[in-house]
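Take a look at the letters that make up each chain.
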Amino acid sequence: MDIGIPRERRNDEYRVGLTPAGVELLTAGGHTCYVERGAGLGAGFSDEDYQSAGGHIVYSGEEAFMRADLVIKVARPTIEEFDWMREGQTIMGFLHLASAQRDKIQALLSKNITAIAYEMIGDPDGTLPILKAMSLLAGRMLPQIAGTLLQADHGGKGILLGGVPGVPSAEVVILGAGTLGANAARTFMGIGASVYVLDHDLAHLQRLDEIFGGRVVTMVSHSFNIRKVASFADVLIGAVLVPGMRAPVLVTREMVASMRPRSLIMDLSVDEGGCVETSRPTLHSTPTYVEEGIIHYCVPNVTGVIGRTATHMLNNASWPFVREMARLGIDEALETNPAIAAGVATRHGKIVNQVLAETLGM
């Protein structure tokens, strides 16, 4: 199989779709990998690293796309990249099509692209292994970001997350008890913050209570509970996911306005539309804005700036599926591997994921 690894073109995105080690494994299996020049630099991989692994360096993103039967990316393609796709191609990456513009969906359909969304690849037990890896990483990143944004020199209220003797710690509220929320809770708690986790699934809350020995306050995410915790939260984190669907809005503008001035909202659901009414996507270069007197951090690719760690983490999780598709071919891999099939968003000119189709109204 011919496989393309283009350079990521979104702002502040330092990850790459495949490591040199992944290329070496594929080329050893008889496959050909076309790696765009400079694709791995943000993650610390040189062109020479890829060449030593058996990859072929190409000198434009268009060539990486046009030579490939399978394109392996990280983030959703840009408009330019949609133009480079060729008829009947397969593309893998974090696509988040539920919040994509309609013209991008139509581009996939008109070119009969098989689009496989990493965030929807799922095991029969409901586990989303690739998304879980990135969510774990994002959850563990959040305290270092929050701690900085709460500093007065960044516009924050000037508090220390863990507090000090005689001065209480910060109040951190997390909406969602999945992988991201659980890892955020673990890391915030580890530095001494007071942590509250809300979820609609009582089993998830019970699991967190057992893991953390009752040291995290758990609440069912009824609107009146969200309104209550928002009123005193120093940090409010959105970690809500409904696979294939736009994130539900759980925090209204009214709730945001009730928060204490210069508190911090971190909406990590923003890549699926956001779970806070006042959220809109931001960039790592300009990560925050203020609305209703509250600092908002809404960067969709939060792990994009730790390119080295994130790329290794991503490749560890995605490799079994990449290997299967290269070994069997697209058709047989989709037929025999239900986890990969669950990730298919578009194929043969149609939206094949029912939840996504309903969300888009297509």
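Here we summarise the structure given alongside this text. (Residues numbered from 1 in each chain as written. Predicted model: local features only at pLDDT ≥ 70, side-chain atom pairs only at ≥ 80, totals over all residues. Heavy atoms only, no water.)

1. Quick notes on a nonpolar patch on the surface
Formally: By definition, no residue in a patch forms a salt bridge, and every one has over 30% relative accessible area; like charges are joined within 9 Å, nonpolar side chains (Val, Leu, Ile, Met, Phe, Trp, Tyr) within 5 Å. Where accessible areas are quoted, they stem from the Shrake-Rupley method and a 1.4 Å probe; at the residue level, only the protein chains shown are allowed to cover. Basic side-chain nitrogens of Lys or Arg form a salt bridge, by our definition, when they fall within 4 Å of a carboxyl oxygen of Asp or Glu. Here a strand is any run of E in DSSP of at least two residues, a helix any run of H or I of at least four, and the numbering for each starts at the N terminus.
On the surface, Leu-160, Val-164 and Val-167 cluster together into a nonpolar patch covering about 270 Å² of accessible area. Relative to the elements of secondary structure, Val-167 occurs in the loop between α6 (129-149) and β7 (171-175).

2. Here we look at the sheet that holds strand β10 (residues 235-238)
Filter applied, for reference: A strand pair is defined by DSSP finding two or more bridges across the two strands. Here an axis means a line fitted to C-alpha atoms, over the contact stretch when the element is a helix, while the angle between two N-to-C directions is reported on a 0 to 180 degree scale. When checking whether two residues touch, look at their non-hydrogen atoms; a contact exists if any pair is within 4.5 Å.
Here we have seven strands laid out as an open sheet, ordered β9-β8-β7-β10-β11-β13-β12, and mixed in their pairing. Two strands in the sheet have a free side with no partner beyond their single neighbour: β9 (217-220) and β12 (288-291). Strand-to-strand twist of the sheet, defined as the mean angle between neighbouring strand axes without regard to direction, takes the value 20 degrees. The sheet contact formed by strand β8 (residues 194-199) and β9 spans four bridges and is parallel. For Tyr-196, the partnering residue across the bridge sits in β9 and is Val-217. Packing against the sheet, helix α8 (residues 202-211) makes contact with β8 and β9, and its axis sits at approximately 155 degrees to β8.

3. Here's the deal with the sheet that holds strand β14 (residues 344-347)
Pairing is mixed across the open sheet formed by eight strands, whose spatial order is β3-β2-β1-β4-β5-β6-β14-β15. Of all the strands in the sheet, the pair left with one neighbour each is β3 (56-58) and β15 (350-351). Two strands pair when backbone bridges link them, and strand β1 (residues 2-5) and strand β4 (residues 70-75) are joined in this way by two bridges, in the parallel orientation. The residue bridging Gly-4 from the neighbouring strand is Val-71, located in β4. Packed on one face of the sheet, helix α1 (residues 20-28) meets β1 and β2 (32-36) and runs near 150 degrees to β2.

4. Considering the environment of Asp-2
As for its placement among the helices and strands, Asp-2 is situated in strand β1. Apart from the residues within four sequence positions on either side, Asp-2 is in contact with Thr-32, Tyr-34, Arg-67, Ala-68, Asp-69 and Leu-70.

5. Quick look at helix α7 (residues 179-190)
Counted only if it meets this: Expected span, for any helix, means 1.5 Å times one less than how many residues it has. Relative accessible area decides the class of each residue, using a 1.4 Å probe on protein chains only: under 20% of the type maximum gives buried, over 50% gives exposed, and in between gives partly exposed.
Taking 1.5 Å per residue, twelve residues should reach 16 Å; α7 reaches 16 Å between its end C-alpha atoms and fits that length. Listing the buried residues of α7 in full gives Leu-180, Gly-181, Ala-182, Asn-183, Ala-184, Ala-185, Phe-188 and Met-189. Close packing links the buried residues of α7 with α6, β7, β8, α8 and β10. One or two positions beyond α7, positive phi appears at Gly-192, with a value near 100 degrees.

6. Some remarks on the pairing of β10
Across a regular strand the side chains alternate sides, sitting on one face of the sheet and then on the other. Residues Val-235 and Ile-237 of β10 are buried on one face, and the alternating residues Leu-236 and Gly-238, pointing to the opposite face, are buried as well. Pairing between β7 and β10: four bridges, direction parallel. Pairing of Val-172 across the sheet is with Val-235, part of β10. Examined bridge by bridge, β10 and strand β11 (residues 264-267) share four bridges and lie parallel to one another.

7. A closer look at the side chain of Asn-183
Going by this rule: Here a polar contact is recorded for every N or O atom pair within 3.5 Å, except that within protein the pair must consist of a potential hydrogen donor and a potential acceptor, and residues adjacent in sequence are included only if both atoms are side-chain atoms.
Considering the arrangement of structural elements, one finds Asn-183 in helix α7. A polar atom in the side chain of Asn-183 sits 2.9 Å from the backbone oxygen of Thr-179.

8. Concerning the environment of Ala-21
Structurally, Ala-21 can be placed in helix α1. Separated by 216 residues in the primary sequence, Ala-21 and Ile-237 have C-alpha atoms spaced 35 Å apart.

9. Concerning the packing of aromatic side chains
Operational definition: Under the pairing criterion, centres of Phe, Tyr and Trp rings, with the six-membered ring standing for Trp, must be within 6.5 Å; the plane angle then separates stacked pairs below 30 degrees from edge-to-face pairs above 60, leaving the rest tilted. Here, over-ring charges are defined by two tests on the NZ atom of lysine or the CZ atom of arginine: distance to the ring centre within 6 Å, and angle to the ring normal within 35 degrees.
Per the stated rule, a full pass over the model turns up four aromatic pairs. When the ring centre of Tyr-289 is taken as origin, the NZ or CZ atom of Arg-280, which lies over that ring, is 3.7 Å away.

10. Focus: the packing of α6 against α7
Short version of the rule: In this scheme the crossing of two helices becomes right-handed for a clockwise turn of the near helix relative to the far one and left-handed for an anticlockwise turn of less than a right angle.
As a packed pair, α6 and α7 sit with axes 7 Å apart at the nearest point and diverge in direction by 35 degrees. Regarding α6 and α7, the two cross each other, and that crossing is right-handed. Touching Lys-132, Ser-135, Leu-136, Ala-138, Gly-139, Arg-140, Leu-142, Pro-143 and Ala-146 of α6 are Thr-179, Leu-180, Asn-183, Ala-184, Arg-186, Thr-187 and Phe-188, all from α7.

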